[in-house]
Amino acid sequence: MKKRLLSVMMTAAMTMGLFTGCGNSDNGEADTKDVEIQAATEDSSSKGVLRVGMECAYAPFNWTQETEDVSNGEKAVPIYGTSYYAYGYDVMMAQKIADALGWDLEIHKVEWDSIGLAMDSGQYDCIIAGMGKTPEREAAYAFTEPYYYRDNCVTVKKGSGLEDIKKLSEFEGKNVTVTTQLGTGWVSLTDQIPDVTLGANYETTAECFMAVSNGVADVALIDLPTSESAAMTNGDLVVIVLDEDDTFDDPTGMTNVCIATRKDDTEFRDQIQSVLDSIGWNDKAAMDEMMSEAIKVQPAANN
């Protein structure tokens, strides 16, 4: 079994500690060497493992593909317990963190509605899955600062007569039916659309976009990168970015995409945050650049 090491990033005030994970992990002590030196001198049997949970079905944040090949020359990461691979913005972020720690990366695929329960049960140790830091989730998990800031938008069907809408108030009198993903903060925003009918919500964003394409719903309320990604290969879809002066009031925090750990695992949360700080991952321009790359390399099957 692999030892799980708690390395402290980029700060002299902290010493190398002990990472106690759930599941198949041993305890081991680490010295105070810089993690890059440690990674170079330790063999793979003594490396830590960054165990991450995600849907692997939320492109461009994360998706599943059949091979490890990515069009930009990078390699997708094997999905634990399967013959498939995961890639996307979240995988790219997880790999940056694992590399900085000198750890291996292990991706676990999980349904969204059980992603927190699976972490609490010890299947993995953090969630990097496009998760917004909402007040309800903060009561259950420990969160880092955002590793991505996303905008909310609406997607409509081409030819629906809704394509030219620029303000939320312009939906008044349209009597549209809206859909979004189950178990997300977007559900609480849907009733901000004037004269709206709440339609069925779905397990995945792909199903939401399909509902609009098929005429089952008039509007899908999802984030901008996911909507843009879907519209790349589905000519039926039109993405509308609403005027910032007349858009959704989002007290849920869905725009702040953060990494979650177990509620009592604040030491590990702080360790991940120290990595984000050390690589300067608070620059929105850098975040947007990596998201653009994720959208560009996404396989057509995941759009």
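Residues numbered from 1 in each chain as written. Predicted model: local features only at pLDDT ≥ 70, side-chain atom pairs only at ≥ 80, totals over all residues. Heavy atoms only, no water.

Peer 1: I keep staring at the overall build of the protein chain and nothing clicks. Help me out?
Peer 2: If you tally the helices and strands in the protein chain, you get eight helices and 18 strands. Within the protein chain, buried positions represent 51% of all 303 residues. Taking as baseline every contact in the protein chain between residues at least 6 positions apart, the subset at least 24 positions apart corresponds to 69%. Summed over its atoms, the accessible surface of the protein chain is roughly 13,500 Å², and 46% of this surface lies on carbon and sulfur atoms. (Helix = DSSP H or I, 4+ residues; strand = E, 2+ residues; numbered from the N terminus. Buried < 20%, exposed > 50% of the residue type's maximum accessible area, 1.4 Å probe, protein only. Contact = heavy atoms within 4.5 Å. Areas by Shrake-Rupley, 256 points an atom, 1.4 Å probe, with all protein chains shown as cover.)

Peer 1: What is the right way to look at the sheet that holds strand β14 (residues 197–198) in this model?
Peer 2: Neighbouring strands of a sheet are bound in pairs by backbone hydrogen bonds; such pairs are parallel or else antiparallel. Sheet architecture is open: five strands sit in the order β14-β13-β15-β12-β16, paired in mixed fashion. A strand with exactly one partner marks an edge of an open sheet, and here the two such strands are β14 and β16 (237–240). Where strand β12 (residues 152–157) and strand β15 (residues 219–223) come together, four bridges link them in antiparallel fashion. The residue of β15 that forms the bridge with Thr155 is Ala220. The sheet contacts of helix α5 (residues 205–213) involve β12, β13 (177–179), β15 and β16, and relative to β15 the element is tilted by about 150°. (Pairing = 2+ DSSP bridges. Axes fitted to C-alpha atoms, helices over the stretch in contact; angles between N-to-C directions.)

Peer 1: What should I look at first to understand the pattern of salt bridges in this one?
Peer 2: Close approach of charged atoms allows side chains with opposite charge to pair. Using the criterion set out here, one finds eight salt bridges in the structure. Glu293 is the partner of Lys296 in a salt bridge, and the nearest nitrogen-oxygen pair spans 3.2 Å. Highlighted residues: Lys296 and Glu293, both in helix α8 (residues 284–297), separated by three residues, approximately one helical turn. What you see here is one network of salt bridges that share partners, running through Arg51, Asp125 and Arg262. (Salt bridge = Lys/Arg side-chain N within 4 Å of Asp/Glu carboxyl O.)

Peer 1: How should I be thinking about helix α7 (residues 266–278) in this particular structure?
Peer 2: Side chains of residues three or four places apart in an α-helix project in the same direction, reflecting 3.6 residues per turn. Taking 1.5 Å as the rise per residue, α7 with 13 residues should run 18 Å; its terminal C-alpha atoms sit 18 Å apart, in good agreement. Where α7 ends, the next residue or the one after it, Gly280, has phi of about 65°, a positive value. (Expected span 1.5 Å × (residues − 1).)

Peer 1: Please explain a negative patch on the surface as it appears in this structure.
Peer 2: Taken together, Glu111, Asp113, Glu203 and Glu207 make up a surface patch of like negative charges. With a relative accessible area of 35%, Glu207 lands in the partly exposed category. (Patch = residues over 30% accessible without salt bridge, like charges linked within 9 Å, V, L, I, M, F, W, Y side chains within 5 Å. Lys, Arg positive; Asp, Glu negative; His and termini not counted. Charge placed at Lys NZ, Arg CZ, Asp CG, Glu CD.)

Peer 1: Could you clarify how one ought to interpret the nonpolar core in this entry?
Peer 2: For soluble globular proteins, nonpolar side chains are generally found buried alongside one another. Of all hydrophobic cores here, the largest spans 83 residues; its most connected members are Leu50, Val52, Tyr89, Ile97, Tyr147, Phe171 and Val219. Top element by residues in this core is helix α2 (residues 89–101). It accounts for nine residues. Once residues lying within four places of it in the same chain are set aside, the contact partners of Tyr89 are Pro60, Phe61, Tyr147, Tyr148, Trp281, Met287, Met290, Met291 and Ala294. (Core = buried A, V, L, I, M, F, W, Y, C linked by side-chain atoms within 4.5 Å.)

Peer 1: What am I meant to see in the packing of α2 against α7 here?
Peer 2: The relative placement of two packed helices is expressed as an angle between their axes plus a distance between the axes. Remark: α2 packs on α7, axes separated minimally by 10 Å, with the N-to-C direction vectors making an angle of 95°. The angle between the axes of α2 and α7 places the two elements in the roughly perpendicular class. Two secondary-structure elements touch here, α2 through Met93, Ile97, Ala100 and Leu101 and α7 through Gln271, Ile272, Val275 and Leu276. (Parallel < 35°, antiparallel > 145°, perpendicular 65-115°, else oblique.)

Peer 1: Looking at this structure, I do not really get the sheet that holds strand β10 (residues 141–143). What am I missing?
Peer 2: Read across the open sheet, the five strands follow the order β8-β4-β9-β18-β10; overall the sheet is mixed. Two strands in the sheet have a free side with no partner beyond their single neighbour: β8 (104–109) and β10. Note: strand β9 (residues 126–127) against strand β18 (residues 260–262), two bridges, orientation antiparallel. By the bridge assignment for β18, Cys126 is matched with Thr261. Lying on the sheet, α2 is in contact with β4 (49–54) and β8; it crosses β4 at an angle near 165°.

Peer 1: How should the side chain of Glu55 be read in this particular structure?
Peer 2: On the secondary structure map, Glu55 appears in the loop between β4 and β5 (63–65). Looking at Glu55, its side chain comes within polar contact range of the side chain of Gln181, at 3.3 Å. Those residues within four positions of Glu55 in sequence are excluded, and the remaining contacts are Asn62, Lys109, Val110, Trp112, Ile115, Gln181 and Glu203. (Polar contact = N/O pair within 3.5 Å; in protein donor to acceptor, adjacent residues only side chain to side chain.)

Peer 1: Can you walk me through the packing of aromatic side chains in this structure?
Peer 2: Given two aromatic rings, one states the distance between the centres and the angle between the planes to describe the pair. Within this structure, the stated rule accounts for eight aromatic pairs. Arranged with centres 6.0 Å apart and planes meeting at 70°, the rings of Trp63 and Tyr87 form a pair that is edge-to-face. Here Trp63, found in strand β5, pairs with Tyr87, found in strand β7 (residues 85–87); they are 24 residues apart in sequence, far enough to count as distant. Under the relative-accessibility criterion, Trp63 is labelled buried at 0%. Aromatic side chains Tyr89 and Tyr147 sit 6.0 Å apart centroid to centroid with 20° between the ring planes, which places their arrangement in the stacked category. (Phe/Tyr/Trp six-rings, centres within 6.5 Å; stacked < 30°, edge-to-face > 60°.)

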